[in-house]
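In case you want the letters, here they are:
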Amino acid sequence: YKIANPTFIHNNRSILRLSRSRPAPALFEGFIAFIANLPLLEILDVSFNTFGGTIPGVIGDLDRLEWLVFSNSDFQGLLPTIFSNLRSLRFLASGSNFLRGTFPWASFIHANQLIQISMSGNILNGELPLDLNRFSNLEVLDFKRNQLQGSIPNSIGGLGKLKYLQLSLNRFTGKLPASLGLLT
């Protein structure tokens, strides 16, 4: 089987792009072993594939990872709590999969550089954290078409760099916090 359009640059940045390669499911295990041997990987894009299964825990060992894109790859199950090692993570996109359960907010305790979280079109439930403003560099927060509930926390107004907020088609209750007016 040939992987279509892979990109791997090892000089200035380590990038692995397997977007739209549609590998056979049997190759997924080989893929896991392959990325485990790329400790300098900074960008991983496996969007628009048919991997299925759960997001591999070995991703948590890629501590230089800045961009992680799993959108539209048929991943399912719970989101792993592997993100605590990803201190350089700036961009996370895993929309349009079949991920369920609560988003592991606590796993992002060290992700101070995080600028985008895009998780639209999954089956995630739970609530937004009360201390959402600790993600002070966040520019994009997209949880459209999930099953989040509770109220939108007042701390959302503390996201001073936020440029795009999409929380529609969830199960939120209560009034919108007045702090949303602080966002420009």
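Residues numbered from 1 in each chain as written. Predicted model: local features only at pLDDT ≥ 70, side-chain atom pairs only at ≥ 80, totals over all residues. Heavy atoms only, no water.

Attention shifts here to the environment of N146. Position of N146 relative to the elements: it lies in the loop between β10 (140-142) and β11 (149-150). We classify N146 as buried; its relative accessible area is 6%. For N146 and N125, which are 21 residues apart along the polypeptide, the C-alpha to C-alpha distance reads 6.8 Å. Look past the residues within four positions of N146 in its chain and what remains in contact with it is M119, S120, G121, N122, I123, L124, L169 and N170. A polar side-chain atom of N146 sits 3.0 Å from the main-chain carbonyl oxygen of M119. (Helix = DSSP H or I, 4+ residues; strand = E, 2+ residues; numbered from the N terminus. Buried < 20%, exposed > 50% of the residue type's maximum accessible area, 1.4 Å probe, protein only. Contact = heavy atoms within 4.5 Å. Polar contact = N/O pair within 3.5 Å; in protein donor to acceptor, adjacent residues only side chain to side chain.)

Moving on, we come to the side chain of S47. With respect to the helices and strands, S47 occurs in the loop between β3 (43-45) and β4 (67-69). Reaching out from S47, the side chain makes a polar contact with the side chain of D45 at a distance of 2.6 Å.

Considering all chains together, one arrives at two salt bridges under this definition. A salt bridge links K163 to E139, with the shortest nitrogen-to-oxygen separation between them at 3.7 Å. One end of the pair, K163, is in the loop between β11 and β12 (164-166); the other, E139, is in the loop between β9 (123-125) and β10, with 24 residues separating them in the sequence. By relative accessible area, E139 is classed as partly exposed at 26%. (Salt bridge = Lys/Arg side-chain N within 4 Å of Asp/Glu carboxyl O.)

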